[in-house]
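Report on the structure
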Amino acid sequence: MIPSGICPANKGKTQTTKQHNMAFKGAIEIDTQKCKGCSVCIDNCPTGSIQLSKMVNSKGYHYAEMIGEACVGCSNCGIVCPDSVITVYRVKI
Amino acid sequence: MTIEDIKKHGDIVYRKTPLLTDTVMHYCPGCSHGTVHKLIAEVIEEMGIQQDTIAISPVGCSVFAYNYLNVDWEQAAHGRAPALATATKRLNPEKYVFTYQGDGDLASIGTAEIIHACSRGENIVVIFINNGIYGMTGGQMAPTTLLGMKTATTPYGRDAKLNGFPLVIAPMIAQLDGTAYITRQAVHTAPAARKAKAAIRKAFEYSQKGIGLSFVEIVATCNSGWKMSPVAANKWMVENMFPKYPLGDIKDVLKKE
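Residues numbered from 1 in each chain as written. Chains lettered and ligands numbered in written order. Predicted model: local features only at pLDDT ≥ 70, side-chain atom pairs only at ≥ 80, totals over all residues.

Observations regarding the overall build of chain A
When helices and strands are tallied, chain A shows three helices and four strands. Mapped from its N terminus to its C terminus, chain A presents α and β elements in the order α-β-α-β-β-α-β. Residue burial in chain A is summarised as follows: out of 93 residues, 41% are buried. A fraction of 65% describes how many contacts in chain A between residues 6 or more apart in sequence connect residues 24 or more apart. (Helix = DSSP H or I, 4+ residues; strand = E, 2+ residues; numbered from the N terminus. Buried ≥ 20, exposed ≤ 12 C-beta atoms within 10 Å, placed from the backbone. Contact = placed C-beta atoms within 7 Å.)

Printed below as a string of structure tokens:
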């Protein structure tokens, strides 16, 4: 897990350019009725910001939900989601 | 800044592409088909070719792909998608024509069609989903099943003496002069999915240059058929499928040495 607000592409690298010093905060929105709880997004999240909920949706799946405020809006979860249920938002700070 | 503020003021950096319909996919949780459908939809959206794309759906789990991607579709008989794509492309040379086929469809019953379409150098794109199993019919052995892999019809593992060796299609068709671009990708992680998307885009661009067939093989998972969780299936794929089916470009006729 990496600290909040650091670009995941920068992990372990020296920050030189101005672009890379920029910090982001992100948030995701999940269409819980369409989520099938496959957990592929959880496996791909570099900040550990997603977990499966204790609740189930109308089809009986434990859907993914966002936790904490570590999300940097890298959109890894969105691109690997097989059912395209994730929308990713990001702001510069 | 709270999560709600970010959603209110932040930029949308990723969203479901409007080319995908709102239909809930019938695929099992974590199936690679959904990810590949999405990548194709994003490529078509970015290239702005929704009106000019004709897709051919196969027989297999992805037979219902026409419910999910909002482009024109034709549905081919089992394995015959390249033959149908040949006719479609020859009649509509300005259209982008692609087939979407699984390994049971392309590597087994449709081997003749794909080899001759490659040999003729049809200007189409072939998306080949290789998960080493017949997913739709309940996980029987496919030609691409790995040696030792347990399936419904090889309960003790695939045995070379009894069942033959896995069929590796991509290097085989790379020898044919009619092919322009052959690559093998995966969609199990975000970097791999981004590379696969770039490869699909390249294949679509090549198909309009009139230089031959573009073939994108996606090494995929079938977690239900493999009887694993989606995350475990991805791990198993990296450990077992990649040594036999290594990722990367196999042929690119326009690449400068």
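Digging into the confidence of the model for chain A
The share of residues in chain A with pLDDT of 70 or more is 77%, and the mean pLDDT across the chain is 84. Low pLDDT, under 50, characterises residues 1–5 of chain A; the stretch is placed with 13 contacts to residues that sit more than four places away or in other chains. (pLDDT = per-residue confidence, 0-100.)

Section: the interface of chain A and chain B
Every contact between the two is made by 28 residues of chain A and, on the other side, 29 residues of chain B. If you list the elements that add at least two residues to the side of chain A that touches chain B, you get β1 (24–30), α2 (40–44), α3 (76–80) and β4 (86–92) of chain A. The element contributing the most residues to the side of chain A that touches chain B is β4 of chain A, with five residues. The residue inventory of the side of chain A that touches chain B, partitioned by class, reads eleven nonpolar, ten polar and seven charged. Taken together, the three bridges between β4 of chain A and strand β1 (residues 11–14) of chain B define a ladder with antiparallel strand orientation. The residue bridging V88 of chain A from the neighbouring strand is Y14 of chain B, located in β1 of chain B. (Nonpolar A, V, L, I, M, F, W, Y, C, P; charged D, E, K, R; others polar. Pairing = 2+ DSSP bridges.)

Notes on the pairing of β1 of chain A
Residue and element names in this part refer to chain A. Among the seven residues that make up β1, six are buried, leaving the element largely enclosed by the rest of the structure. Where β1 lies against β4, seven bridges are found, and the strand directions are antiparallel. Opposite A27, over in β4, you have Y89 as the bridge partner.

Here we look at the nonpolar core
Residue and element names in this part refer to chain B. Ranked by size, the top nonpolar core spans 94 residues in total, and within it I127 and I218 carry the most contacts. Broken down by element, this core gets its largest block of residues, nine residues, from helix α8 (residues 190–207). With sequence-adjacent residues up to four places away left out, I127 is seen in contact with V36, I40, F98, T99, Y100, V216 and I218. (Core = buried A, V, L, I, M, F, W, Y, C linked by C-beta atoms within 7 Å.)

Some thoughts on the packing of helix α2 (residues 32–47) of chain B against α8 of chain B
All names here are of chain B. Between α2 and α8, whose axes approach to 9 Å, the crossing angle comes to 50°. Classified by the angle their axes make, α2 and α8 are oblique. By crossing handedness, the relation of α2 to α8 is classed as right-handed. For the pair formed by α2 and α8, the contact residues are T35, L39, I40, E42, V43 and M47 on the first element and A193, A196, K197, I200, R201 and F204 on the second. (Axes fitted to C-alpha atoms, helices over the stretch in contact; angles between N-to-C directions. Parallel < 35°, antiparallel > 145°, perpendicular 65-115°, else oblique. Left-handed = near helix turned anticlockwise from the far one by under 90°.)

Focus: the confidence of the model for chain B
The predicted model of chain B has a mean per-residue pLDDT of 94, with 100% of residues at 70 or higher. In the predicted assembly, ipTM is 0.89 and pTM is 0.91.

Some points on the sheet that holds strand β10 (residues 248–252) of chain B
All names here are of chain B. Read from one edge of the open sheet, seven strands run β3-β2-β4-β5-β9-β8-β10, paired in mixed fashion. On the outer flanks of this sheet lie β3 (72–75) and β10, each paired with one strand and no other. Shown here is a sheet whose adjacent strand axes are inclined to one another by a mean of 15°, direction ignored. Bridging between strand β8 (residues 179–186) and β10 involves four bridges; their strand directions are antiparallel. By the bridge assignment, R184 is partnered in β10 with G248. Seen against the sheet, α8 touches β4 (96–102), β5 (125–130), β8 and β9 (213–219) and runs at an angle of roughly 165° to β8.

A few points about the packing of helix α3 (residues 81–91) of chain B against helix α5 (residues 111–120) of chain B
Residue and element names in this part refer to chain B. Orientation of α3 relative to α5, taken along the N-to-C sense of each, is 35°, at an axis distance of 7 Å. Residues P82, A83 and T86 of α3 form the contact with α5, whose own contacting residues are E113, I114 and A117. Counted by class, the contact of α3 with α5 contains four nonpolar, one polar and one charged residues.

Quick notes on α5 of chain B
Residues and elements named next belong to chain B. Of the residues making up α5, those classed as buried are E113, I114, A117 and C118. Considered in projection along α5, the buried side chains sweep an arc of 125° and stay on one side of the axis. Looking at the buried side of α5, the elements it contacts are α3, α4 (103–109), β5, α7 (169–174), β8 and β9. Just beyond α5, the residue with positive phi is G121, at close to 70°. (Arc of directions from axis to C-beta.)

Some words on the environment of F128 of chain B
Residue and element names in this part refer to chain B. Position of F128 among the secondary structure elements: in strand β5. Note: C-alpha distance between F128 and V219 (91 residues apart in sequence) is 8.4 Å. Apart from residues no more than four positions distant in its own chain, F128 is found in contact with Q101, L106, I169, F215, V216, E217 and I218.

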